Amino acid sequence: MRIATWNVNSIRSRQDHLLAWLERSRPDVVGLQETKVPDGDFPHDPLAALGYRAAVSGQKTYNGVALLSPHGLEDVRVGFSALLPGDAEAEALGEQRRVISAWVEGVRVVDLYVPNGSALDSDKYAYKLAWLGCLRRYLAVQRDQGEPLCVLGDFNIAPEARDLHDPAGQEGGIMASAAEREALRACLGDDLQDAFRLFEPDAGHWSWWDYRGGGWPRDRGWRIDHVYLCPLLQERAMGCRIDREERGRERPSDHAPVIVELADAPEEAEPEA
DNA sequence: ATGTCGCTAATGTAGCGA
């Protein structure tokens, strides 16, 4: 099973890239972020022509998430409120479309677009921390359901110094502050592991390069797009790679796709005769 | 640490968010 995440930075601007990438990569499920399109305008038809169905939660201009799969997307849940009914903060945070999940091929896939936060002294940063606090409650409920779990998306957080091209200049700043990292760690607990770090210990691997300041030509990137796996899925993990090639195309997204390969699920044990 | 991009309001370009 091939699972991917990609912040496309507008699905309408990136439609041709996305379609070509789906044909080449043929993921079994992909979580998209920053689709930037209301649900009524989502381009279902060209995706369906490639055999992909979509579950979407979008809005005009900002944010927006979607799950695509050629298999069934079952039990789709939109927003934090789907698992936190009656939670006023979950309801309020749901105005920004950043959370969608579905059951795909025996895996619960949760697709997230974590707020960027802008700057440490910004009210957007406070929003980011509050949002992560709500995510923690959401994932606690999700865990209690006992489903094989994959949490992926654009986290807008570099977990460690090795995920930054310039640790000396970036550690402690936005997307690399202790409070953000601790909030993320609290969401993940001891069980969810970053698939990329199951295979690659070194620095120098990025998933996002700022359009500004020659980020791509100078390879000044950050590793902020992640795929987290529960222990059951970690056992099945065969590899995780960042598809840098996409970032080098004409009119690219500023993010590259991240792709995880899982071995087939073990057969159910035969009942005793 | 800013050398860009995508969006929206609108027709020309500013403002916002990343």
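Residues numbered from 1 in each chain as written. Chains lettered and ligands numbered in written order. Predicted model: local features only at pLDDT ≥ 70, side-chain atom pairs only at ≥ 80, totals over all residues. Heavy atoms only, no water.

Chemist: Teacher, can you tell me more about the protein's contact with DNA strand B here?
Modeler: The environment of DNA strand B is made up of 18 residues, and the closest members are Ser10, Thr61, Tyr211, Arg218 and Arg220. Taking the atoms of DNA strand B that fall within 4 Å of the protein, sugar and phosphate contribute 64% of them. One nitrogen or oxygen atom from the side chain of Gln170 is found 3.5 Å from a base nitrogen belonging to DNA strand B. The contact in question runs from a base nitrogen of DNA strand B to an N or O atom on the side chain of Arg212, over 3.1 Å. (Near = heavy atom within 4 Å. Polar contact = N/O pair within 3.5 Å; in protein donor to acceptor, adjacent residues only side chain to side chain.)

Chemist: Explanation requested: a negative patch on the surface in the structure shown.
Modeler: A grouping of Asp264, Glu267, Glu268 and Glu270 is seen on the molecular surface, where their side chains present a negatively charged patch. Relative to the assigned elements, Asp264 resides in the segment after β14 (258–262). (Patch = residues over 30% accessible without salt bridge, like charges linked within 9 Å, V, L, I, M, F, W, Y side chains within 5 Å. Areas by Shrake-Rupley, 256 points an atom, 1.4 Å probe, with all protein chains shown as cover. Salt bridge = Lys/Arg side-chain N within 4 Å of Asp/Glu carboxyl O. Lys, Arg positive; Asp, Glu negative; His and termini not counted. Charge placed at Lys NZ, Arg CZ, Asp CG, Glu CD. Helix = DSSP H or I, 4+ residues; strand = E, 2+ residues; numbered from the N terminus.)

Chemist: I keep staring at the sheet that holds strand β2 (residues 29–33) and nothing clicks. Help me out?
Modeler: Adjacent strands of a sheet pair through backbone hydrogen bonds, lying either parallel or antiparallel. As summarised here, the arrangement of the six strands in space is β3-β4-β2-β1-β14-β13, forming an open sheet in which the pairing is mixed. Whereas interior strands pair on both sides, the edge strands pair on one side only; in this sheet they are β3 (53–57) and β13 (237–242). Across the sheet, the mean angle from the axis of one strand to that of its neighbour is 15 degrees, orientation sign disregarded. Bridge count between β2 and strand β4 (residues 65–69): four bridges; the pairing is antiparallel. For Leu32, the partnering residue across the bridge sits in β4 and is Ala66. With respect to the sheet, helix α1 (residues 15–25) is in contact with β1 (2–7), β2, β4 and β14, its orientation differing from that of β1 by roughly 165 degrees. (Pairing = 2+ DSSP bridges. Axes fitted to C-alpha atoms, helices over the stretch in contact; angles between N-to-C directions. Contact = heavy atoms within 4.5 Å.)

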